[in-house]
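Below, each chain spelled out in residue letters.
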Amino acid sequence: MLVLGIETTCDETAAAVVRVDADGHGAILSNIVLSQLADHAPYGGVVPEIAARAHVEVADRIIGEALREAAVTPGELDAVAAAAGPGLIGGVLVGLTTAKAMALAIDRPLIAVNHLEAHALTVRLTDAVAFPYLLLLASGGHTQLVAVSGVGAYAKLGTTIDDAIGEAFDKVAKLLGLGYPGGPEVERRALGGRADRFAFPRPMAGRPEPDFSLSGLKTAVRVEAERLVREAGTLTGQDIADLCASFQQAVADMVADRTKVAIGLFRKRYGEPSALVVAGGVGANRVLRATLERTARSSGLPFVVPPPKLCTDNGAMIAWAGVERLRLGLVDDLSFAPRARWPLDEAAAIIGSGRLGAKA
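Residues numbered from 1 in each chain as written. Predicted model: local features only at pLDDT ≥ 70, side-chain atom pairs only at ≥ 80, totals over all residues. Heavy atoms only, no water.

Brief notes about the packing of helix H5 (residues 165–175) against helix H8 (residues 237–270)
Move 1: Direction vectors running N to C along H5 and H8 enclose 170°, while the axes themselves pass 11 Å from each other. Relative to H8, H5 is oriented roughly antiparallel. Contacts between H5 and H8 involve Ile165, Ala168, Phe169 and Val172 from the first element and Phe247, Gln248, Val251 and Val255 from the second. (Axes fitted to C-alpha atoms, helices over the stretch in contact; angles between N-to-C directions. Helix = DSSP H or I, 4+ residues; strand = E, 2+ residues; numbered from the N terminus. Parallel < 35°, antiparallel > 145°, perpendicular 65-115°, else oblique. Contact = heavy atoms within 4.5 Å.)

Written as structure tokens, this is what we have:
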């Protein structure tokens, strides 16, 4: 089985071909990712119109490169999968429309993939993790703890009530005058800082529901930075490093506490999870990964996280989600509409309010 995956939900244009062998294991034959980082860096964030236009300009080329690297012709594909949401609607529209055209041209099934589901299932491609497992999904504007019982079977145990982890890292970076994207820059600066210099709060710690909150922590960083500027006139390089390290450690401690609660809740509702899984771009943060690995070990669970290049957005995860759905006969009509918002657990109550609550 050969499936092409197309990813255009944000600021990466990506395409990949994944093969499934007779034993059911997957292999990535190609995985081409073109980042738009340079296009958005001057604005300190992703500009939706620029992102959509860039996808239009390069999508055909990236798909062609993925097919050539995999040594696969379009006619050899068994299906075409594309991220159909959630994401920036202009970009989602580009990838999904391209996939529809290909599927129609080669007479193959279209598979409209939930971008979050693709992150959730990646560990089944890389590590063959069995259902059910506990997932910490921390990707861009999403932070959720999810019970994954099967393809299409997701139960949200906890989510953020305000900022997502990735958003908080980006906002702290902007507050401190660091570069874009903020997450990697905060992590880099934290390497030279003292994580114990500032006593930042650990929001929601000890609460019985495994939800997150980061707005208060973000405010605490701002208040401390403003105090330092009032006292010394400026922030030194060491001040910035210490602020980054203290903030990052506070996030790691909060995530560990929330995850422990979710493990207990999972066991109560669903039995023993096969593993604690981390997915999404935040999973590339080394401090968070190490902290969560200790959390899993102390709870008697295997800890599984994809390689860093498969934590961030890519086409291979879309192709694999397409494989998982195709094996179950879950294909889509060419009338499938792109979705800016598409929660994994559509039956769950929305926590929070306005823009952030609605996307949880």
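Digging into the packing of aromatic side chains
Move 1: One pass over the structure, following the stated rule, counts five aromatic pairs.
Move 2: With a centroid separation of 5.8 Å and 20° between ring planes, the pair formed by phenylalanine 198 and phenylalanine 200 is classed as stacked. Per residue, the accessibility class of phenylalanine 198 equals that of phenylalanine 200, and both read buried.
Move 3: Relative to tryptophan 342, the ring of phenylalanine 336 has its centre 5.6 Å away and its plane inclined at 40°; by these criteria the two rings are tilted. Residues phenylalanine 336 and tryptophan 342 agree in their burial class; the two are buried. (Phe/Tyr/Trp six-rings, centres within 6.5 Å; stacked < 30°, edge-to-face > 60°. Buried < 20%, exposed > 50% of the residue type's maximum accessible area, 1.4 Å probe, protein only.)

Quick word on the environment of serine 149
Move 1: Within the secondary structure layout, serine 149 lies in strand S7 (residues 142–150).
Move 2: In this structure serine 149 comes out as partly exposed when scored by relative accessible area, which is 38%.
Move 3: Sequence separation between serine 149 and tyrosine 270 is 121 residues, and the spatial gap between their C-alpha atoms is 8.6 Å.

Points about H5
Given 3.6 residues per helical turn, the α-helix brings residues three or four places apart onto the same face.
Move 1: When we look at burial in H5, the residues that qualify are Ile165, Gly166, Glu167, Ala168, Phe169, Val172 and Ala173.
Move 2: Of the residues trailing H5, glycine 177 is marked for its positive phi of about 75°.

Structural notes on unusual backbone geometry
Move 1: Of the consecutive residues glycine 85 and proline 86, the connecting peptide bond is found in the cis state with omega at -10°.
Move 2: Of note in the backbone geometry, alanine 71 takes a positive phi value of approximately 60° without being a glycine.
Move 3: By the secondary structure assignment, alanine 71 is in the loop between helix H2 (48–70) and strand S4 (79–85).
Move 4: Judged by relative accessible area, alanine 71 falls into the exposed class, the value being 66%.
Move 5: Residues other than glycine seldom take positive phi values, yet aspartate 107 does so here, at roughly 55°.

So, the packing of H2 against helix H3 (residues 89–106)
Move 1: For the pair H2 and H3, the least separation of the axes is 9 Å and the interaxial angle reads 30°. In terms of orientation, H2 and H3 fall into the roughly parallel class. Note that H2 runs across H3; the crossing there is right-handed. Within the contact between the two elements, H2 uses Ala52, His55, Val56, Ala59, Asp60 and Ile63 and H3 uses Gly90, Gly91, Val94, Thr98 and Met102.
Move 2: Of the residues assigned to the contact of H2 with H3, the class counts are six nonpolar, four polar and one charged. (Left-handed = near helix turned anticlockwise from the far one by under 90°. Nonpolar A, V, L, I, M, F, W, Y, C, P; charged D, E, K, R; others polar.)

Fair warning: the whole summary comes from geometry, so function is off the table for now.
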